[in-house]
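# Report on the structure
One letter stands for each residue in the lines below.
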Amino acid sequence: MSTEWTKLSEKMPIRLAPSMAKDHPNLPVVKEEGCYYWGVDGKQYLDFTSGIAVTNVGHRHPKVVAAIKDAADYLTHGPIGVIQYESILKLADELAEIMPGDLDCFFFGNSGTEAIEGALKLARHVTKKPFVVSFIGGFHGRTLGSMAISTSKSKYRSHQHVSGTYQLPYYKPGDSEEEAIQKLNTAAEQLFAHQVLPNEVACMILEPVLGEGGYIIPPKSWLQRIRQICDEHGILLIFDEVQTGFGRTGEWFASQSFEVVPDIMAVAKGIASGIPLSATVANHKLMQQWPLGSHATTFGGTPLGCAAALATIEVIKEEKLLENTKVVGAYASKQLEGLQKKYARIGNVRSIGLMIGIEIIDPDTGVGDGQAAMEILDLALHEGVLFYFSGKHGEVIRMIPPLTVTKEQIDEGLAKLERALIAFEKK
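In short, a report on the structure. (Residues numbered from 1 in each chain as written. Predicted model: local features only at pLDDT ≥ 70, side-chain atom pairs only at ≥ 80, totals over all residues. Heavy atoms only, no water.)

## Focus: the overall build of the chain
The criterion, for reference: Only DSSP runs of H or I with at least four residues qualify as helices, and only runs of E with at least two residues qualify as strands; both kinds are numbered from the N terminus onward. Radius of gyration: C-alpha atoms only; globule rule: 2.2 Å multiplied by the number of residues to the exponent 0.38. Accessibility here uses a 1.4 Å probe with only protein chains present; expressed as a share of the type maximum, an area under 20% marks a residue as buried, one over 50% as exposed, and anything in between as partly exposed. Residues count as neighbours in contact if any of their non-hydrogen atoms are within 4.5 Å of one another. Accessible surface area values rest on a Shrake-Rupley calculation with a 1.4 Å probe, where residue burial reflects the displayed protein chains alone. Charge assignment: positive for Lys and Arg, negative for Asp and Glu; neither His nor the chain ends contribute. By convention, charge coordinates are those of NZ in Lys, CZ in Arg, CG in Asp, or CD in Glu.
When helices and strands are counted, the chain shows 15 helices and 15 strands. A compact globule built from 427 residues should have a C-alpha radius of gyration of about 22 Å, and the chain, at 21 Å, falls within 12% of that. Dimensions of the chain, computed from C-alpha atoms along their principal axes, come out at roughly 60 × 60 × 45 Å. Counting every position in the chain, which comprises 427 residues, the buried fraction comes to 55%. Taking the contacts inside the chain whose residues are at least 6 apart along the sequence as the reference set, 73% of them involve residues at least 24 apart. Surface exposure of the chain reaches about 19100 Å², of which carbon and sulfur atoms provide 53%. For the chain, the separation between the mean place of its 41 positive charges and that of its 50 negative charges on side chains is 4 Å.

Laid out in structure tokens, this is it:
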């Protein structure tokens, strides 16, 4: 590490808030490309995080970089409404073609939590109802509205509680479809009988695949039953596809993987390959009830972000990354099942496309072991591969490589993970 870098790094605790910068693994890097980072130490690291599900077409894809540079030759900022520009109009058109069902109208923001805030505001504005129902274990962001419906970890809500929200249990791994639907029906009946009348609920919101909460993948029928409950009571259904969108599950959106069309959707992360951009999405008939002044943005839908998003969509289509996600994702899952048989530390392996959760457990009790998972992550980093964590206690290793990943890179990364597991057992 250079002397200059060391000096700057030493200032980080003073210059950057711990809530922003104190995360795992805090790897000092100088370059990114494709599926790799290059560290200040000169070492190449295989990245199985995609910047936390952001760089779905790989780091610094040449087409995305070129699109950003070209856009910057003409516009760098565009307060839409004050001016109009081609890229935002073209992006809305392109997105309408790949969205599930009849979702065809967009409010662009900058981040996932903004998209969620927009979705909640839209639902409450249109229905004129005050309450929101979310699902236990879900993570929707860190601003006040999105945090009020997030329950993946109670520490995220510390000192910041907001009223007007209720929770239902998320699908429990291992339950049969029949058990899952029965539990859902019972929980919804109890909620509406004892806590809030359904005619006062504006919306239900959930992640179609639980992300921060541990990469939990519900049955199709469970999500379809939620759609039915919302329809029965005149409640709008919101899908948080911030992490699952743009090919991560093997379809453009998890909504399509599960054959459920929500009324409102929130998307971000993979939309623009690292340039801040998000969208609150609905059908134009619903969105037209959200008039001028009821919501607004200064930076949402910037020319650079829209150009990057258009290039991202083009790359996913041209390089057939949805197909690659299904094929390589299935291959990765099969290889992990092989590791699961060899190492008692590996509990459940849960996957859909290239959204893969590897549960680390105490082999004696079968209970998730967050401390062991973190140590294994550190050992994997030493071997040269980045994973991330999730789950209530950090016991689930998130494996979310770029959708461009090859079978050879999967083998490379899992070989490094296996060496980390061996090193952990020898400690």
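Next, the rest of the story.
## Description of the packing of helix H4 (residues 62–72) against helix H12 (residues 303–318)
Going by this rule: All axes here are fitted lines through C-alpha atoms, helices being fitted over the stretch that makes contact, and every angle between N-to-C directions spans 0 to 180 degrees. If an angle is under 35 degrees, it is roughly parallel; if it is over 145, roughly antiparallel; if it lies from 65 to 115, roughly perpendicular; otherwise it is oblique. Each helix crossing is assigned a hand: it is left-handed if the near helix lies turned anticlockwise from the far helix by less than a right angle, otherwise right-handed if that turn is clockwise.
Contact geometry for H4 and H12: axes closest at 8 Å, N-to-C directions at 150°. Of the possible angle classes, the one that applies to H4 and H12 is roughly antiparallel. Taken as a pair, H4 and H12 cross one another with a handedness that is right-handed. Touching Lys63, Val64, Ala67, Ile68, Ala71 and Ala72 of H4 are Pro303, Leu304, Ala307, Ala308, Ala311, Thr312, Glu314, Val315 and Glu318, all from H12.

## What about the sheet that holds strand E5 (residues 131–135)?
The condition is simple: Note: two strands are recorded as paired if DSSP finds a minimum of 2 bridges between them.
Read across the sheet, seven strands follow the order E4-E10-E9-E8-E7-E5-E6 without closing on themselves; strand pairing throughout is mixed. The outermost strands of the open sheet, each flanked by one partner alone, are strand E4 (105–109) and strand E6 (165–168). Adjacent strand axes in the sheet meet at a mean angle of 20°, parallel and antiparallel pairs treated alike. The sheet contact formed by strand E8 (residues 236–240) and strand E9 (residues 264–267) spans three bridges and is parallel. Bridge pairing in E9 links isoleucine 238 to isoleucine 264. Here helix H8 (residues 177–194) sits on the sheet in contact with E5, E6 and strand E7 (201–206), set at roughly 155° to E6.

## Let's talk about the pattern of salt bridges
Side chains bearing opposite charge may pair, as long as their charged atoms lie close to each other. Put simply, the test is: Any Lys or Arg side-chain nitrogen located within 4 Å of an Asp or Glu carboxyl oxygen qualifies as a salt bridge.
One pass over the structure, following the stated rule, counts 16 salt bridges. Residue glutamate 94 pairs with lysine 317 through a salt bridge whose shortest N-O separation is 3.5 Å. Of this pair, glutamate 94 sits in helix H5 (residues 86–98) while lysine 317 sits in helix H12, and the two are 223 residues apart along the sequence. For glutamate 94, a relative accessible area of 28% corresponds to the partly exposed category. Using a relative accessible area of 42% as the deciding quantity, one classes lysine 317 as partly exposed. Within this structure, Lys31, Glu33 and Arg60 form a network of salt bridges that share partners.

## Overview of the environment of methionine 99
Mapping methionine 99 onto the fold places it in the loop between H5 and E4. The sequence separation of methionine 99 and lysine 11 amounts to 88 residues, and the corresponding C-alpha distance is 44 Å. The contact partners of methionine 99, leaving out residues within four places of it in the chain, are Phe106, Phe253, Gln256, Met265 and Val281.

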